[in-house]
Amino acid sequence: MKKAVIMAGGFGTRLRPITSNLPKPMVPMLNVPMMEHIVNLLKRHNITDVLSLLYYQPEKITGYFGNGAAFDVNMEYKLAQADYGTAGAVRYAADKLDERFIIISGDVLTDFNLEEALAFHQRKKAQATIVLTKAQVPLQFGIVMTDDEGRITRFLEKPSWGEVFTDTINTGIYILEPEVLDLIPYQKEFDFSKDLFPMMLEKNLALYGYVAEGYWADVGNLNQYQEAHDDALAGRVKVQHKGRKQGGAYIAESAEVDDSAQLNGNILIGENSKIGAGAQITDSVIGDGVSVGAGARVVNSIIWNRVHIGVQAELTADVICDDTRIGDHVTIAENVFIADACEIGDHAALHSNIKLWPNKQVEPYAIVTRSMVQEEKWLRELFSNARVTGLSNIEMIPEFGAKFGAALGNSLGAGATVVAGRDANPASRMVKRAITTGLMSVGVNVTDVQDLPLPLTRQRMMDGSAVGGIHVRRSPHLPNHIDIILMNAEGRDFKTAQTKKIERLFFGEDIKRVASDKIGIIHYPERTYKSYLERFRSNLNVDAIKERNFSIAVDYSYGMSAAIFPRILGELNCSAIGLNAYVDPERSTRTQADTERAQAELSTLMESLRLELGVIMEPAVEKIALVDSSGRWYSSQRLVSIVTKLFLLTHADREPYKIAVPVSATGEIDMMAAEHDVEVLRVKNSHSAMMDATLTDGVLYVGGTRAGFIFADFFFAADAMFTAGKILEMLVVSGKTLAQVDDMIPVRAQARREIPCPWESKGTVMREAMEYSEGKDRQLIDGVKVFEGERSVLLLPDREKAIFHVIAEADSQTQAEEFADHYAGRVAGWRDQ
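Residues numbered from 1 in each chain as written. Predicted model: local features only at pLDDT ≥ 70, side-chain atom pairs only at ≥ 80, totals over all residues. Heavy atoms only, no water.

Peer 1: I'd like a description of the overall build of the protein chain, backed by residues and values.
Peer 2: Check the secondary structure of the protein chain and you find 22 helices and 54 strands. In summary, the protein chain has a C-alpha radius of gyration of 30 Å against a globular reference of 28 Å for 833 residues, a match within 12%. In terms of its C-alpha atoms, the protein chain occupies a principal-axis envelope of roughly 95 × 65 × 50 Å. For the protein chain, the proportion of its 833 residues judged to be buried stands at 58%. (Helix = DSSP H or I, 4+ residues; strand = E, 2+ residues; numbered from the N terminus. Rg over C-alpha atoms; globule rule 2.2 N^0.38 Å. Buried < 20%, exposed > 50% of the residue type's maximum accessible area, 1.4 Å probe, protein only.)

Take a look at the structure:
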């Protein structure tokens, strides 16, 4: 094999501002473009016929590499006329690819043995081979599972933690036979990992995965750029270092280093650079034509070409791009990224986590600072599913909101309309208004529904006038935290592909503002609950509930249901006592202790007044808790069984149909459904997955293990108010009480364990769990659920914390506890190996 395709069209958005003036493959790594290291790798393995696929700033690449003669390769180019995706771009160049070839990105750092990968490809007679490696944190990559022969059995792009069934990932290096190109449509967007490889898997074509040994790093963001440089300097990857070796340093022949200068650790100093008297350079890269003044101190930094660093200046863990001038006595703190041709005046101070775009000037003695706490917090990722959560007025500040709104607006496009709702918390109002300004600045119109419960904000999307929605609320679970929840045009949660697009824009900070006459507008619709109440009534047997005349108590948790639900209860002819029945944003987040006190108070009230039913409404109006007439509370796990049983009892006339519950729900659900003509679907343990389940034909009900319930005839999202109304209806129709329904249901015991597990070990634990459970009865929906006779265990990595959940189930509590301990020990062992 002599032919290679280098994917060199990357924008490098998440590397902004250092990619402001050059494409990502041309970003320097050890003083040469990253793509040059790829060319050298190909050449080491006798691959010298190179086709580079270009798109963004192609002249920077063609101007540097020319015809390839200077690099001992034959270099050709193909410039795409549009963004055809990864596979589509290669298909566009099919006229130059009539033999077996390898595809590799021009912006990764690797020293894989490509000849061994080729030998594997030939030995397996593969049509396509994906080169794989193991990653400690696989979330941002495509994970690939193979059988013992190396044939790919499963392919999942950018999984959630519960889907990380292996730590083996796709490196973006592929060996293809030319006939594979016939599967790719011409001049249409088509991706290898999202489209081509799943197609090949479905067609049972010869698609293999080869796990390579050696170093591989995707230089996807600024911190990964710094880490890859550190690895290259330290020799953890086999790449070329230019210059003569002097201790731990490589120094170009034309460089001048004063005898009194101190060189510590791993260092690279480029051509025609000068290091002044008494200067200290530690674990850093110094580019070509750089001058470092007397007494200056440069630590863990990457300095590009023609940079001037003044006398007594101090830099720590920074990246400084071409032609920037840093004055005398300047102090630059950690994690500062300065783009081309900036000028930093004498005695200026730059605080941590600052980015300067090209040609910026900082005046002498200036102190440059801004709150970037959110970027420290969100370096790994911005979203948790379709939600962003941060500390009120510390992380969730107006500057963040405006930036987030602009990124969201750019992802949707100018002229779009977004629905914006919030709860009554002042911080929510502040953040929503900040987001609104960001949206308007990029030409997006806003329909402001003001303070409204989240379920009603979702329902407001149903008129089809908006392409997306946001709801800002005080977190119902984390004190002093604010949630931003994003919804698509239907009111469902944003998908991962949409949130990743927003993240790229947010971190890249490449926001496209509109002209002043194109700024978005705000529309305030008439605030009314009329349509909601009509929908509510039409989906309940109102007359039956009214005739029953329930006596109930409702704790509104100071949430927004207090403004709506009392009216509904009145229409349902319920004798109701309300607790905490006014909106108080400062009291709408409850700790566990608060919840326990509220339950105790409601239990006492139930017994003393002999009420039939007690309800606690979560402030966000999505979830409920129930207590029966005896003052007994039902756990969220037991409650899903009770509500499911009620639904089965009262909807026999609708059979056959389907219901859905999370994979963590007990086997009680399956045992009850077996008595009916009802199919049980298992889904991920998230509200987004529950909503998606309603898209499946025949699904009438989705029960959540966290006390959220969806009744598909009414709406596709959880609504605590409708859930309470529906439970009243089902109690009337069934003629049962909560306690009587509970007595009808089989009991399966559960035991839970939380195992501390560093983020970098989660992928390893998941891989070990997959290998251990191979051949066993198991479910791979969200985590790994293993069945052993009458017992089961769910091994689930937490999405937001460095822990692993072990959820065991058995016929008795003793058996469940023993089973949980057994698997907790296994998880700890896999973690520590």
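Peer 1: Please give an account of empty space enclosed by the protein that cites residues and values.
Peer 2: Under the defined criterion, the tally for this structure stands at eight cavities of 30 Å³ or more. Taken together, 18 residues line the second largest cavity, and the ones lying closest to its centre are Asp-423, Met-560, Ser-588, Pro-619 and Ala-620. Among the elements that line the lining of the second largest cavity, the one with the most residues is strand E39 (residues 468-474), at three residues. (1 Å grid on protein atoms, 1.4 Å probe; cavity = no way out; pocket = protein on both sides within 12 Å on 5 of 7 lines; lining within 4 Å. Points joined across faces, edges and corners; volume = space filled by probe spheres on them.)

Peer 1: Can you explain the side chain of Ser-284? Please cite residues and give values.
Peer 2: Secondary-structure assignment places Ser-284 in the loop between strand E20 (280-282) and strand E21 (285-286). You can call Ser-284 buried: its relative accessible area is 0%. A polar contact of 2.7 Å, which involves the side chain of Ser-284, links it to the backbone oxygen of Thr-282. Excluding residues within four positions of it along the chain, Ser-284 makes contact with Leu-233, Asn-266, Ile-267, Leu-268, Val-298, Val-299, Asn-300 and Ser-301. (Polar contact = N/O pair within 3.5 Å; in protein donor to acceptor, adjacent residues only side chain to side chain. Contact = heavy atoms within 4.5 Å.)

Peer 1: Give a detailed account of the packing of helix H21 (residues 759-773) against helix H22 (residues 813-832), specifying residues and quantitative values.
Peer 2: Following both chains from N to C, one finds H21 and H22 inclined at 125°, their axes separated by 8 Å at the closest point. In terms of orientation, H21 lies oblique with respect to H22. In this structure, the crossing between H21 and H22 has a hand that is right-handed. On H22, the residues that touch Ser-761, Thr-764, Val-765, Glu-768, Ala-769 and Tyr-772 of H21 are His-822, Tyr-823, Arg-826, Val-827, Trp-830 and Arg-831. Grouping the amino acids of the contact of H21 with H22 by side-chain chemistry returns six nonpolar, three polar and three charged. (Axes fitted to C-alpha atoms, helices over the stretch in contact; angles between N-to-C directions. Parallel < 35°, antiparallel > 145°, perpendicular 65-115°, else oblique. Left-handed = near helix turned anticlockwise from the far one by under 90°. Nonpolar A, V, L, I, M, F, W, Y, C, P; charged D, E, K, R; others polar.)

Peer 1: Lay out the pattern of salt bridges with the relevant residues and their values.
Peer 2: Once the charged atoms of two side chains with opposite charge are near each other, the side chains can pair. Considering all chains together, one arrives at 44 salt bridges under this definition. Asp-49 serves as the salt-bridge partner of Lys-3, at 3.4 Å between the closest nitrogen and oxygen. One end of the pair, Lys-3, is in strand E1 (residues 3-7); the other, Asp-49, is in strand E4 (residues 49-54), and 46 residues separate them in sequence. By relative accessible area, which is 4% here, Lys-3 ends up buried. One salt bridge in this structure joins Arg-632 and Asp-742, with 2.8 Å as the shortest N-O distance. Of this pair, Arg-632 sits in the loop between strand E45 (624-628) and helix H16 (636-650) while Asp-742 is found in helix H20 (residues 738-744), placing the two residues 110 residues apart along the sequence. Judged by its relative accessible area of 7%, Asp-742 is buried. Three or more residues joined by partner-sharing salt bridges are found here, namely Lys-134, Asp-167, Arg-767, Glu-768 and Glu-771. (Salt bridge = Lys/Arg side-chain N within 4 Å of Asp/Glu carboxyl O.)

Peer 1: Before we move on, could you go through the sheet that holds strand E49 (residues 709-711) and cite the residues and values that matter?
Peer 2: Strand order in the open sheet formed by four strands is E47-E46-E48-E49, and the pairing between neighbours is mixed. Across the chains shown, the open sheet's two edge strands, defined by having one partner strand only, are strand E47 (678-683) and E49. Along the sheet, successive strands turn relative to each other by an average axial angle of 20°, direction set aside. Set on the sheet, H16 makes contact with strand E46 (657-662), E47, strand E48 (699-703) and E49; between it and E48 the angle comes to about 160°. (Pairing = 2+ DSSP bridges.)

Peer 1: Quick one: what's the story with the nonpolar core, residue by residue and with numbers?
Peer 2: In this structure, Tyr-532, Phe-536, Phe-565, Met-617 and Met-721 are the most contacted members of the largest nonpolar core, which totals 76 residues. With eight residues, helix H19 (residues 720-734) is the single largest residue contributor to this core. When residues no more than four places from it in sequence are discounted, the contact partners of Phe-565 are Phe-536, Val-554, Tyr-556, Met-617, Met-721 and Ala-724. Ranked by size, the runner-up nonpolar core spans 63 residues in total, among them Met-34, Leu-42, Ile-104 and Leu-114. (Core = buried A, V, L, I, M, F, W, Y, C linked by side-chain atoms within 4.5 Å.)

Peer 1: Talk me through the pairing of E47; I want residue IDs and the actual numbers.
Peer 2: Among the six residues in E47, five count as buried, and that is most of the element. By the bridge criterion, six bridges tie E46 to E47 in an arrangement that is parallel. Bridged to Pro-662 within E47 is Val-683. For the crossover that starts at E46, traverses helix H17 (residues 668-673) and ends in the parallel E47, the hand is right-handed. (Right-handed = clockwise from strand over helix to strand, strands pointing away.)

Peer 1: Residues and numbers for the confidence of the model for the protein chain, please.
Peer 2: The predicted model of the protein chain has a mean per-residue pLDDT of 91, with 98% of residues at 70 or higher. Segment residues 371-380: pLDDT under 50, and 25 contacts once partners within four positions in sequence are set aside and those in other chains are kept. (pLDDT = per-residue confidence, 0-100.)

Peer 1: Outline the packing of helix H1 (residues 34-44) against helix H2 (residues 58-65), supporting the account with residue identities and numerical values.
Peer 2: To characterise two packed helices, one gives the angle between the axes of the helices and the distance between these axes. Close contact between H1 and H2 brings their axes to 11 Å; oriented N to C, the two are set at 50°. By the angle between their axes, H1 is oblique relative to H2. Remark: the crossing between H1 and H2 carries right-handed chirality. Residues Met-35, Glu-36 and Val-39 of H1 touch H2, and the partners they reach there are Ile-61, Tyr-64 and Phe-65. Split by residue class, the contact of H1 with H2 holds five nonpolar, no polar and one charged.

Peer 1: Explain H22 to me, using residue names and the numbers behind them.
Peer 2: An ideal rise of 1.5 Å per residue puts 28 Å on 20 residues; H22 measures up with 28 Å between its terminal C-alpha atoms. Looking only at H22, the buried set comprises Ala-816, Phe-819, Ala-820, Tyr-823, Ala-824, Val-827, Ala-828 and Trp-830. Buried residues along H22 sit in contact with strand E50 (749-756), H21, strand E52 (784-788), strand E53 (791-797) and strand E54 (803-810). (Expected span 1.5 Å × (residues − 1).)

Peer 1: Mind laying out the sheet that holds strand E51 (residues 777-779), listing which residues take part and the relevant values?
Peer 2: Strand order across the open sheet formed by five strands is E50-E54-E53-E52-E51, with antiparallel pairing between neighbours. Both outer strands of the open sheet, E50 and E51, are each paired with one neighbouring strand and no more. Adjacent strand axes in the sheet meet at a mean angle of 20°, parallel and antiparallel pairs treated alike. Pairing analysis gives five bridges linking E52 to E53, with the strands arranged antiparallel. Within E53, the residue paired with Val-786 across the bridge is Val-793.

Peer 1: Lay out unusual backbone geometry with the relevant residues and their values.
Peer 2: With an omega dihedral of 10°, the bond running from Arg-16 to Pro-17 counts as a cis peptide bond. By the secondary structure assignment, Pro-17 is in the loop between E1 and strand E2 (28-29). A cis amide bond links Glu-655 to the next residue, Pro-656, at an omega of 0°. Mapped onto the elements, Pro-656 comes out in the loop between H16 and E46. Although it is not a glycine, Asn-31 sits at a positive phi angle of roughly 75°. Take Asn-31: it is sitting in the loop between E2 and strand E3 (32-33). One non-glycine residue, Asn-549, adopts positive backbone phi at about 55°. Taking relative accessible area as the criterion, Asn-549 reaches 38% and is therefore assigned partly exposed.

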